[in-house]
Amino acid sequence: MSKLFKTEDLWAIWIGFFIFLMAPFIDSVPKPTKWDVNIFSALNIEQISFFILIAIGLITIFGLSVKVMNQSFKKFSLAFVFIFSLSIIALVMSSQVTVKAYGFGYAFWALLIGLIISNTIGVPKWVEPALKTEFFVKTGLVLLGAEILFPKMLDIGLPALIVAWVVTPIVLISMYYFGTRYLKLDKNLSVVISTATSVCGVSAAIAASAASKGKKEYLTLAVSMTLIFTVIMMIIMPAFVQFLGLSPEVGGAWIGGTIDATGAVIAAGAVLGQEAMNVAAIVKMIQNIMIGFVAFIIAIIWTSNIKSETKKSSKISFLEEVWKRLPKFILGFIGASLLFSFILYPSIGEEITKELTDVTKSYRGLFFVLAFVSIGLESNFKELKAHMSGGKPIILYLVGQTFNILLTLLVAWLVFDGIIF
């Protein structure tokens, strides 16, 4: 069959755009009801029925893609039911009133549930066919593109652009240099951690890992550190903003430029008020655009200087190698953003566009939950220990994130408090 239907990257695009096409006719993924003591009150019969229908739909579309890629539909379907069930449990746990107040979202619970199973009873072999971490994230990232609307970003304009696009490459390059030159880390591990820290966490890590062809263990390390510190920063950064007496614009920009996950950014910004939340969300969305650029640049650099197969075989040209390394799902991410920004948004208006993106956003969140569960199930602490390099990856993250926090604060203050503009 054509190569258009033989890779996860391209299937992520087809599935993403299929959901865009179906968005006017389907409902959002239901959110479990907030609960305090009685966990069984989180889901009613209607919600459970809807989740069953969603599971059947996802088994059909992802199962079809798996079948076309010469894998077993039956084995995937059976394992997917298990992964999906754990994902619903993670959503339910994150809806507990106290847990929700402290910011422990679905990503934390999904990863934790997977880690507990992986590091205690172990993951049964029959579950492995559905552990499609990158496939789920790639599909979610294609859907994320629809949420990046250029007209909305222009509302804040140049200051937000500077915070997102000036600080990010400086932090990325500095972290990579520090990781490879001083900590002597593997270049692939260093670039994945640096990209996750400077751009936008898990999504950027997936793109960087795909472009550099890094080990899956490197990606797991970066994701685990990112999720842990995202929760911590989401809780403490609003308090720091208030302690320093920063304006809502500066505080929002600081949060948007440093906290990795979009959901965590919005939650932290909301603590400071509507204005801070809006600024934080838009800065993060502008930063998210860099996923595609960073992946493309990594593909070029790795092809040119680090692990180029062109040096091994004259049959592969430089451009062919770049294309081979470039994560193709990034094209879907960019295409979705362009489609919604310049075709749908001007033609159907802001209100209807928001209704569509509310639907796609809910499915994007569900795909990310599936991915985090999969990451947890694939992560064994004994195996990860071999890649810890004496704690150097954690040192790289802490030093890089500290630099990111300080530089973002300085730039946000300069541009949003009127020092420069």
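Provided above is the structure to which this section pertains.
Every value quoted in this text rests on a predicted model; they were computed, and no experiment measured them.

What am I meant to see in the overall build of the protein here?
Along the backbone of the protein there are 19 helices and zero strands. Computed over C-alpha atoms, the radius of gyration of the protein comes to 21 Å, within 12% of the 22 Å expected from 2.2 N^0.38 for 421 residues, which places it in the range of a compact globule. Projected onto its principal axes, the C-alpha positions of the protein cover 60 × 60 × 50 Å. Counting the 421 residues in the protein, one finds 54% classified as buried. With an accessible surface of roughly 18,900 Å², the protein has 69% of that area assigned to carbon and sulfur atoms. Side-chain charges of the protein comprise 32 positive and 24 negative groups, with the mean position of each set lying 13 Å from the other.

Whenever I open this one, the side chain of S209 confuses me. Can you help?
Among the structural elements, S209 can be located in helix 10 (residues 202-212). With residues near it in sequence (within four places) discarded, S209 still touches E134, V192, G214 and L219.

When you look at a nonpolar patch on the surface in this model, what are you seeing that I'm missing?
A cluster of nonpolar residues, Y102, I228, I232, I235, I236, F240, F243 and L244, forms a patch on the protein surface that exposes about 810 Å² of accessible area. Here I235 lies in helix 11 (residues 216-244).

Please explain the nonpolar core as it appears in this structure.
Side chains of a nonpolar character, in soluble globular proteins, are inclined to be buried together. In terms of nonpolar packing, the biggest core is built from 137 residues, with L58, F62, F80, F84 and F372 touching the most fellow members. With 19 residues, the top contributor of residues to this core is helix 17 (residues 329-378). Setting aside residues up to four positions removed in sequence, F84 forms contacts with F51, I54, A55, L58, L366 and L370.

Any chance you could explain the packing of aromatic side chains here in plain terms?
Note on aromatic pairs: each is described by the distance of the centres and the angle between the planes. In the structure shown here, the tally under the stated rule is 16 aromatic pairs. Ring geometry for F62 against F136: centres 5.4 Å apart, planes inclined by 80°, an arrangement best described as edge-to-face. Highlighted residues: F62 in helix 2 (residues 45-68) and F136 in helix 6 (residues 133-144), separated in sequence by 74 residues. On the accessibility criterion, F62 (0% relative accessible area) is buried. Look at F136 and you get buried, because its relative accessible area is 0%. Grouping aromatic residues by their ring pairs yields a cluster made of F51, F62, F76, F80, F84, F135, F136 and F367.

Hey, could you run me through the packing of helix 1 (residues 8-22) against helix 2 in this one?
The description of two packed helices rests on the angle between their axes and on the distance between the axes. Contact geometry of helix 1 with helix 2 gives a least axis separation of 11 Å together with a crossing angle of 155°. With respect to each other, helix 1 and helix 2 are oriented roughly antiparallel. Helix 1 and helix 2 meet at a crossing whose hand is right-handed. In this structure, helix 1 contributes W11, I15 and F18 to the contact, and helix 2 contributes I61, F62, L64, S65 and V68. Of the residues belonging to the contact of helix 1 with helix 2, the class tally is seven nonpolar, one polar and no charged.

Would you mind going over helix 19 (residues 392-416) with me for this structure?
Every α-helical turn comprises 3.6 residues, leaving residues that sit three or four positions apart pointing alike. For helix 19, spanning 25 residues, the distance from its first C-alpha to its last is 35 Å, which sits close to the expected 36 Å at 1.5 Å a residue. G418 sits one or two residues past helix 19 and shows a positive phi near 80°.

In this structure, what is going on with the pattern of salt bridges? I would like to understand it.
Opposite charge on two side chains permits pairing when their charged atoms draw close. Counted under the stated rule, the structure contains seven salt bridges. In this structure, K138 engages E8 in a salt bridge whose closest nitrogen and oxygen atoms are separated by 3.9 Å. Taken together, the positions of K138 in helix 6 and E8 in helix 1 put the pair 130 residues apart, joining distant regions of the chain. Looking at E8, the relative accessible area reads 22%, which means it is partly exposed. Note that D358 and K354 form a salt bridge whose closest N and O atoms lie 3.1 Å from each other. One end of the pair is D358 and the other is K354, both in helix 17 and four residues apart, which spans about a single turn. Among the ionic contacts, a cluster of salt bridges with common partners joins E8, D9, E134 and K138.

What is the right way to look at helix 6 in this model?
Counted at 1.5 Å a residue, the expected span for helix 6 with its twelve residues is 16 Å, and the 16 Å between its end C-alpha atoms agrees. Most of helix 6 is tucked away, with eleven of its twelve residues classed as buried. Restricting attention to buried positions, one finds in helix 6 the residues T133, F135, F136, V137, K138, T139, G140, L141, V142, L143 and L144.

Please explain unusual backbone geometry as it appears in this structure.
Most peptide bonds adopt trans geometry, and most residues besides glycine take a negative phi value. One non-glycine residue with positive phi stands out, namely N70, at about 65°. Tracing the sequence through the fold places N70 in the loop between helix 2 and helix 3 (73-94). Its relative accessible area of 63% is what places N70 among the exposed residues. At K184, a residue that is not glycine, the phi angle is positive and equals roughly 60°. Take K184: it is sitting in the loop between helix 8 (158-182) and helix 9 (187-200).

Cut-offs and rules
- Residues numbered from 1 in each chain as written.
- Predicted model: local features only at pLDDT ≥ 70, side-chain atom pairs only at ≥ 80, totals over all residues.
- Heavy atoms only, no water.
- Helix = DSSP H or I, 4+ residues; strand = E, 2+ residues; numbered from the N terminus.
- Rg over C-alpha atoms; globule rule 2.2 N^0.38 Å.
- Buried < 20%, exposed > 50% of the residue type's maximum accessible area, 1.4 Å probe, protein only.
- Areas by Shrake-Rupley, 256 points an atom, 1.4 Å probe, with all protein chains shown as cover.
- Lys, Arg positive; Asp, Glu negative; His and termini not counted.
- Charge placed at Lys NZ, Arg CZ, Asp CG, Glu CD.
- Contact = heavy atoms within 4.5 Å.
- Patch = residues over 30% accessible without salt bridge, like charges linked within 9 Å, V, L, I, M, F, W, Y side chains within 5 Å.
- Salt bridge = Lys/Arg side-chain N within 4 Å of Asp/Glu carboxyl O.
- Core = buried A, V, L, I, M, F, W, Y, C linked by side-chain atoms within 4.5 Å.
- Phe/Tyr/Trp six-rings, centres within 6.5 Å; stacked < 30°, edge-to-face > 60°.
- Axes fitted to C-alpha atoms, helices over the stretch in contact; angles between N-to-C directions.
- Parallel < 35°, antiparallel > 145°, perpendicular 65-115°, else oblique.
- Left-handed = near helix turned anticlockwise from the far one by under 90°.
- Nonpolar A, V, L, I, M, F, W, Y, C, P; charged D, E, K, R; others polar.
- Expected span 1.5 Å × (residues − 1).

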